[in-house]
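# Chain and residue survey
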Amino acid sequence: RSRRPFRPLCGLILLALVSAASPAVAETPPAPGAPAEVTVRVVGAAPTFPTLLVLTAVTTTTNPVVKDGGSCSGTTAAGALELATKGNWEGHWNTGFGDYELISIDGQAYPFEPGASKNYFWDFWLNGEESTKGICGSQVHSGDQLLFFPGCFGPECPPAPNVLGVEAPTAAEVASPVPVTVVSHPSAGGEPVPVAGASVSSEGASGTTDSGGHVTLAFGHAGRF
């Protein structure tokens, strides 16, 4: 499932709010693209959303992803997930859709149970929005951010989470003020909104966002934060 991209510097996190999600709809895989530098993050189920894979930067390749009798381009979201998890995911190849039905990441499996009133599945967000395509159908580009977490489909599901995005410059001078903005991407769709009172921290630099979702940090040494 994929919508309009946005490209913040930092990772995507979760905030439990709003309405129910729906299972991914796979589409015909796109033609192979060029390798891209992207980030991948995987978190577990609500309410705590434990980190299963920290924000991990990978460079996709043209090597195909081959599992369960299927194959798709390594320059897709499937290729990024394969590299970031070192292959620690499983999916059923759906011949009709030409895509994988994502079942398990890091040993946490959510197989779909027909007729169940509460079905968990691996939800896939691309650049702050729930993807409308499957992992083989989503060609990724440099700067894209991929987030996977358990979604729920059915009348007895809890509210779906919103996703928080952290926006910041790609570079700054040591000890100089760095403006950071936190926004919330609604699970029900729509434009992101600023988040007040969000705690932001990294290696000793920390602060809380104001009513506009803004906070200023400063870093005392060179590095990647």
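An account of the accompanying structure is given in this report. (Residues numbered from 1 in each chain as written. Predicted model: local features only at pLDDT ≥ 70, side-chain atom pairs only at ≥ 80, totals over all residues. Heavy atoms only, no water.)

Here the focus is helix H1 (residues 77-84). Taking burial as the measure, the eight residues of H1 include six buried ones, the bulk of the element. Taken residue by residue, H1 has Ala-77, Ala-78, Gly-79, Ala-80, Leu-81 and Ala-84 as its buried positions. Where H1 terminates, the next one or two residues include Lys-86, which has phi positive at roughly 55°. (Buried < 20%, exposed > 50% of the residue type's maximum accessible area, 1.4 Å probe, protein only. Helix = DSSP H or I, 4+ residues; strand = E, 2+ residues; numbered from the N terminus.)

One pass over the structure, following the stated rule, counts two disulfides. The partner cysteine of Cys-72 in its disulfide is Cys-136, sulfur to sulfur 2.1 Å. The sign of the S-S torsion, about -65°, decides the handedness of the disulfide formed by Cys-72 and Cys-136: left-handed. Of this pair, Cys-72 sits in strand S5 (residues 70-72) while Cys-136 sits in the loop between strand S10 (129-130) and strand S11 (145-153), placing them 64 residues apart in sequence. For the pair Cys-72 and Cys-136, one class covers both residues: buried. Here Cys-152 is linked by a disulfide to Cys-157, with a sulfur-sulfur distance of 1.9 Å. Its S-S torsion of approximately -75° makes the covalent link between Cys-152 and Cys-157 left-handed. Here Cys-152 matches Cys-157 in class, with each residue buried. Listing the disulfide partners of the protein by sequence rank of the bonded cysteines yields 1-2, 3-4. (Disulfide = S-S within 2.5 Å.)

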